[in-house]
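What follows is the residue order along each chain.
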Amino acid sequence: MSQIDAVEAYLRQLQDRLCMALSLADGEADFVEDNWQRADGGGGRSRVLKEGDLFEQAGVGFSDVSGTSLPPSATAHRPELAGAPWRAVGVSLVLHPRNPHVPTSHANVRFFQAQPPGGEPIWWFGGGFDLTPFYPVHEDVLHWHRVARDLCAPFGSDRYAAHKAWCDRYFFLKHRNEARGVGGLFFDDLGGDIDECFAYQRAVGDGFLDAYLPIVARRRDTPYGEREREFQLYRRGRYVEFNLVWDRGTLFGLQSGGRTESILMSLPPRVRFEYGYQPEPGSPEAALQDYLAPRDWLAETPAAP
């Protein structure tokens, strides 16, 4: 089995495990699978859970796509790949809980390989996970980053700090001058020893549920009303802004002829925009802003914002 086929097999199995665990956590709704084919090569299977007890919408997608020419979003990043046949496999999930006290979350793990004319194959791994709370609890943020730090530990003392900082830079709304959430891990163009890189990808993919589900268990029964729901819908607008303005994965998918429904299943099912919204000073809604500036959450003596 080739390396990319081994990655593909792992990712298919990862999608199965994620969907099973998330469906059990929801307790009411199941994922519906939608298989699709891409005209230029490859395809995928999109799984979406709607109107559950826990999740208003949850999407977990697997894709294995290929082509003979990369889109501009990719060649701008790696111009040496212009005209090279390529193949990309990945799993991506976005979870939009119903309760505003349960954070939205995103995770992605992927592998890319290209064959430049007359050259050696070029490959890399990418991925990560990040958390977007609307009513953040410091205990949850610390748990999230401790799991991220611990899964990084076998891969070097600087891995967590480097990929945490990369996440802070990537998931940042430059036009708002604020982070999308409280970060996590992000990496791209990860090369070197392919077995070690693949092991790290598996650690990230397998670690997501350990990071997320304990937070769900603590917050899913927190009471909320119309005020909290309206704030959740307003803040979801920031998620839409990032995905449509800044996210490279969205742009790559659309420019490479990917399936639009599957690419945009990351967007929340309900959202609202409000001109000039300002939370009441000292309110729980105003407290969120203090969490949207990247920091070292795991400092030896952390102080809650």
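Bear in mind that the values here come from a model prediction, so they are computed numbers and not experimental data.

Caption draft 1: Molecular detail of a nonpolar patch on the surface. Judged by side-chain polarity, L244, V245 and W246 come together as a nonpolar surface patch covering roughly 280 Å² of accessible area. With respect to the helices and strands, L244 occurs in helix α6 (residues 226–245).

Caption draft 2: Layout of the packing of aromatic side chains. One pass over the full model with this rule turns up 23 aromatic pairs. A ring pair is formed by F111 and F125, whose centres lie 4.5 Å apart and whose planes are at 55°; its orientation type is tilted. Highlighted residues: F111 in strand β5 (residues 104–114) and F125 in strand β6 (residues 122–132), separated in sequence by 14 residues. Comparing F111 with F125 shows no difference in burial state: the two are buried. Here W123 and F125 contribute two aromatic rings whose centre-to-centre distance is 5.8 Å and whose plane-to-plane angle is 80°, an arrangement assigned as edge-to-face. In this structure W123 comes out as partly exposed when scored by relative accessible area, which is 22%.

Caption draft 3: Structural context of the pattern of salt bridges. Under the counting rule described, the total for this entry stands at 28 salt bridges. The shortest N-O distance in the salt bridge between D16 and R47 comes to 2.9 Å. Of this pair, D16 sits in helix α1 (residues 3–26) while R47 sits in strand β2 (residues 42–50), and the two are 31 residues apart along the sequence. Judged by relative accessible area, D16 falls into the partly exposed class, the value being 35%. Here the salt bridges do not stand alone but share partners, grouping E51, E56, R98, R229, R236 and R270 into one network.

Caption draft 4: Summary view of the pairing of β5. By the criterion of burial, β5 is predominantly enclosed, with nine of the 11 residues buried. Sheet topology places strand β4 (residues 86–97) next to β5; 10 bridges connect them, and they run antiparallel. Directly across from V91, in β5, lies its bridge partner V109. With antiparallel pairing between neighbouring strands as the criterion, β4 and β5 make up a hairpin whose turn holds six residues. Relative to β6, β5 is paired through 11 bridges, and the arrangement is antiparallel. Its bridge partner lying in β6, F112 is registered against W124.

Caption draft 5: Structural context of the nonpolar core. Core analysis: the largest hydrophobic core is formed by 55 residues, its most contacted members being L11, F129, L185, Y200, F208 and Y212. Contributing elements (two or more residues each) for this core: α1, β3 (55–67), β4, β5, β6, α3 (138–152), β9 (183–190) and α5 (194–219). Apart from residues no more than four positions distant in its own chain, Y212 is found in contact with F55, L95, P97, V102, P103, S105, L131 and W144. W36, V65, A88 and W124 belong to the second largest nonpolar core, which has 10 residues in total.

Caption draft 6: A look at the pairing of β2. Within β2, seven of the nine residues are buried, leaving the element largely enclosed by the surrounding structure. Alignment of strand β1 (residues 32–37) against β2, held across six bridges, turns out to be antiparallel. Opposite N35, over in β2, you have R45 as the bridge partner. Between β1 and the antiparallel strand that follows it, β2, lie four residues; G41 among them carries a positive phi value of about 140°. Direction of pairing for β2 relative to β3: antiparallel, over a ladder of nine bridges. Bridge pairing links G43 to D64 in β3. Counting the residues that bridge the hairpin from β2 to β3 gives four residues, and of these E51 lies at a positive phi of roughly 50°.

Reading guide: rules and limits
- Residues numbered from 1 in each chain as written.
- Predicted model: local features only at pLDDT ≥ 70, side-chain atom pairs only at ≥ 80, totals over all residues.
- Heavy atoms only, no water.
- Patch = residues over 30% accessible without salt bridge, like charges linked within 9 Å, V, L, I, M, F, W, Y side chains within 5 Å.
- Areas by Shrake-Rupley, 256 points an atom, 1.4 Å probe, with all protein chains shown as cover.
- Salt bridge = Lys/Arg side-chain N within 4 Å of Asp/Glu carboxyl O.
- Helix = DSSP H or I, 4+ residues; strand = E, 2+ residues; numbered from the N terminus.
- Phe/Tyr/Trp six-rings, centres within 6.5 Å; stacked < 30°, edge-to-face > 60°.
- Buried < 20%, exposed > 50% of the residue type's maximum accessible area, 1.4 Å probe, protein only.
- Pairing = 2+ DSSP bridges.
- Core = buried A, V, L, I, M, F, W, Y, C linked by side-chain atoms within 4.5 Å.
- Contact = heavy atoms within 4.5 Å.

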